[in-house]
Amino acid sequence: MKLKRFLLRYYPPGIVLEYQRRSGDVETKSIDLLNLTAETDVEVLVNQIVFEEPLIKENKKDMLRTFIHKLIEKIDNRDSQRFYLFKILRAHILPLTNCGFNKSGSRFITGSYDRTCRVWDTLSGEELLTLDGHKNVVYAIAFNNPFGDKIVTGSFDKTAKLWDANTGQCIHTLKGHSTEIVCVAFNQQGTCVVTGSMDNTAKLWDVETGHQMASLEGHSAEIVSLNFSTDGDKILTGSFDTTAKIWDSRSGYCMHTLAGHSGEISSTQFDFTGEYCVTGSIDHSCKLWDAESGQCMETLRGHSDEVLDVCFNTTGNRLVSASADCTARVYNVMTGACISILIGHEGEISKVQFSPNSHKIITASSDRTCRLWSVETGECLQLLEGHSDEIFSCAFNYEGDTVITGSKDNTCRIWKDTNFAPEDDDDEEDPYLD
């Protein structure tokens, strides 16, 4: 095997090796650096990587050292970071349902009760495409990140559609559900889509052909949350039947039923490694699960009302829960300890997300504001205000320098880092090529 080049993966930190086999096939492998911090002894880490990874020879140490310093620079805390209102977009005539970025944040999509999904240029605010064809509300939408060249839409018309994100052409209409589709997700490889419905099933589809690969049946109430593991080998579904299930994405076989909540599941997520997952419930609790065994590792309590959203940070060592009690709580995944409580909102928090470098959290609330918080201290760093109705969606782009907020006031607001400078779409590539 011959090393061709390094690629840097900033979030979560890692180095991707592109190498060529004797057969001529080019493949990649990742060196995950999930525990990298500003305090990491870089020399010790460089020596460890060279010792353990046969593809990296001694003469590449200097390059490796440079790359690790670049990664540390990226994950460094930026407490002084502030966002300003960059643009207000009145996206649809009828209410918005959802919004989301492509990986770089150069484009975003909005779904609406007007039966369309629209694609927008983030910098100019220009509408690039209208994805028109559904016969009812477009409720769930997603880019096939990291690629960003396809979009999936899930509708109350019982179908999902796959679209070319550059031309707006409908590639496939995915038919098979008997009631409304309320959640959709691509795998990170971009080869499969999963859709979740009020008909109590999730369905797995081949992106290339549009054919149904499996029907995930076993829940006894609607599926309201679903996602793939990073490797794409597992699917997690959360249901109003109070359980979550982990499925083998190749066979559609149910590997585990995660039972233990006493109320409906509201939100689910895998961590980056796919070894753990979290469920949030209207029973006021979150549960952390071992995805391999299906065992509950920890029940995270403290909220006094329904948990509406849960989220891991990029490395998986922290998770945050958002609640109708107007607070969010940050937990140490390894110990289950609550390390900070985010207090300040005057309405329920329906959406929460970590910044890519994991130092900040953004929350969206029915009090018409979003707030940015310090993960470790729980301090409110900034208030994003201006929406005139409940905010139901908020997201960082991959660089962490742009935020989008979506509201029932029918507008999306784009917020930019005051030091904003456009960057390349992809992770950085090194100059070393054989």
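Up top you'll find the structure we're talking about.
Predicted model only: the values in this text are computed from it and were never measured.

A. A look at the nonpolar core. Ranked by size, the top nonpolar core spans 25 residues in total, and within it I15, L64 and I68 carry the most contacts. Of all the secondary-structure elements, those providing two or more residues to this core are β1 (2-9), β2 (14-20), α1 (42-52) and α2 (61-75). Examining the composition of this core, we find that six residues originate from one element, α2, more than from any other. Non-local contacts of L64, meaning those with residues more than four positions away in its chain, are made with F6, I15, V46, I49, V50 and I56.

B. Structural detail: the state of the cysteines. Across all of its chains, the model carries zero disulfides by this definition. Residue C99 stays outside any disulfide, its sulfur separated by 4.5 Å from that of C412, the closest cysteine. Summary of cysteine pairing: C170 is not part of a disulfide, and the nearest cysteine sulfur, belonging to C117, is at 12 Å.

C. Broad picture of the sheet that holds strand β4 (residues 83-90). One open sheet holds the four strands; their spatial order is β4-β35-β34-β33, and the pairing between them is antiparallel. Because the sheet does not close on itself, it has two edges, and the strands there are β4 and β33 (391-396). When strand polarity is set aside, the average angle formed by the axes of neighbouring strands in this sheet is 20°. Both β4 and strand β35 (residues 411-417) contribute to a ladder of seven bridges, which runs antiparallel. If you follow R90 over to β35, its bridge partner there is T411.

D. Highlighting the pairing of strand β6 (residues 107-112). Buried residues dominate β6, accounting for six of its six residues. Across the two faces of β6 the burial is the same, with R107, I109 and G111 and F108, T110 and S112 all buried. Judged from the five bridges that link them, strand β5 (residues 96-101) and β6 form a sheet pairing that is antiparallel. Counted as the bridge partner of F101 is F108 from β6. The hairpin turn running from β5 into β6, its antiparallel successor, is five residues long, and G105 in that turn takes a positive phi close to 85°. Bridge count between β6 and strand β7 (residues 116-121): five bridges; the pairing is antiparallel. The residue bridging F108 from the neighbouring strand is W120, located in β7. Between β6 and β7, which pair antiparallel and follow one another directly, the connecting turn spans three residues, one of which, R115, has a positive phi of 75°.

E. Spatial organisation of α1. Among all positions in α1, only V42, L45, V46, I49 and V50 are buried. Down the axis of α1, the buried set is contained in an arc of 130°. They therefore lie on one face. Across from the buried face of α1, at angles greater than 90 degrees, the exposed residues are F51 and E52. Contact partners of the buried residues in α1: β3 (26-32) and α2. Between the side-chain oxygen of the N-cap and the backbone nitrogen of E43 there are 3.2 Å, and the N-cap of α1 in question is D41.

F. View of the packing of aromatic side chains. For the structure on display, the rule yields eight aromatic pairs. Between F101 and F108, the ring centres sit 6.4 Å apart and the planes meet at 75°, which makes this aromatic pair edge-to-face. F108 sits in the buried class, given a relative accessible area of 0%. Sitting over the face of the ring of Y10, K74 holds its NZ or CZ atom 4.8 Å from the ring centroid.

G. Quick look at the side chain of T110. Position of T110 relative to the elements: it lies in strand β6. A polar atom in the side chain of T110 sits 2.9 Å from the side chain of W120. Those residues within four positions of T110 in sequence are excluded, and the remaining contacts are A91, H92, L96, N98, C99, T116, C117, R118, W120, I141 and C412.

H. Molecular detail of the layout of surface pockets. Of the volumes computed, that of the second largest pocket is approximately 520 Å³. Along its surface, the second largest pocket is lined by 25 residues, and T37, I75, N357, S358 and H359 are the ones closest to its centre. Residue classes in the lining of the second largest pocket are distributed as nine nonpolar, eleven polar and five charged.

Thresholds, definitions, all that
- Here the residue numbers are simple positions, counted from 1 along each chain's written sequence.
- In keeping with the model being predicted, local features are shown solely for residues with a pLDDT of at least 70 and side-chain atom pairs are shown and tallied solely at 80 or more, while totals for entire chains, interfaces and linings include all residues.
- No hydrogens and no water enter the side-chain calculation; it runs on all heavy atoms of the structure.
- Each nonpolar core is a collection of buried residues, namely Ala, Val, Leu, Ile, Met, Phe, Trp, Tyr and Cys, held together in the definition by side-chain atoms within 4.5 Å.
- Using a 1.4 Å probe on the protein chains alone, a residue whose accessible area is under 20% of its type maximum counts as buried, one over 50% counts as exposed, and one in between counts as partly exposed.
- The secondary structure listing takes helices from DSSP runs of H or I that are at least 4 residues long and strands from runs of E that are at least 2 residues long, numbered from the N terminus.
- Residues are treated as being in contact if the distance between any of their heavy atoms lies within 4.5 Å.
- By convention in this document, the label disulfide applies to cysteine sulfur atom pairs within 2.5 Å.
- Being paired, for any two strands, means DSSP has found at least two bridges between them.
- Each axis is a line fitted through C-alpha atoms, taken for helices only over the stretch in contact, and angles between the N-to-C directions span 0 to 180 degrees.
- Think of the arc as the fan of directions from the helix axis to the C-beta atoms.
- As used in this structure description, the phrase polar contact means that two N or O atoms lie within 3.5 Å; if the pair is within protein, one of them must be able to donate a hydrogen and the other to accept it, and residues adjacent in sequence are counted only when both atoms belong to side chains.
- In summary, the pairing rule links any two rings of Phe, Tyr or Trp, Trp by its six-membered ring, whose centres are within 6.5 Å, and it sorts them by plane angle into stacked for under 30 degrees, edge-to-face for over 60 and tilted for everything else.
- Should the NZ of a Lys or the CZ of an Arg lie within 6 Å of a ring centre and within 35 degrees of the ring normal, that charge is described as sitting over the ring.
- Cavities and pockets were defined on a 1 Å grid built over protein atoms only: a cavity is a set of grid points that admits a 1.4 Å probe from which the probe cannot escape, a pocket is an open set flanked by protein on both sides within 12 Å along at least five of seven lines, and lining residues are those with an atom within 4 Å of any such point.
- Grid points are joined across faces, edges and corners, and a volume is the space filled by probe spheres set on the points.
- Following the grouping adopted for this structure description, the nonpolar residues are Ala, Val, Leu, Ile, Met, Phe, Trp, Tyr, Cys and Pro, the charged ones are Asp, Glu, Lys and Arg, and the polar ones are all others, Gly among them.

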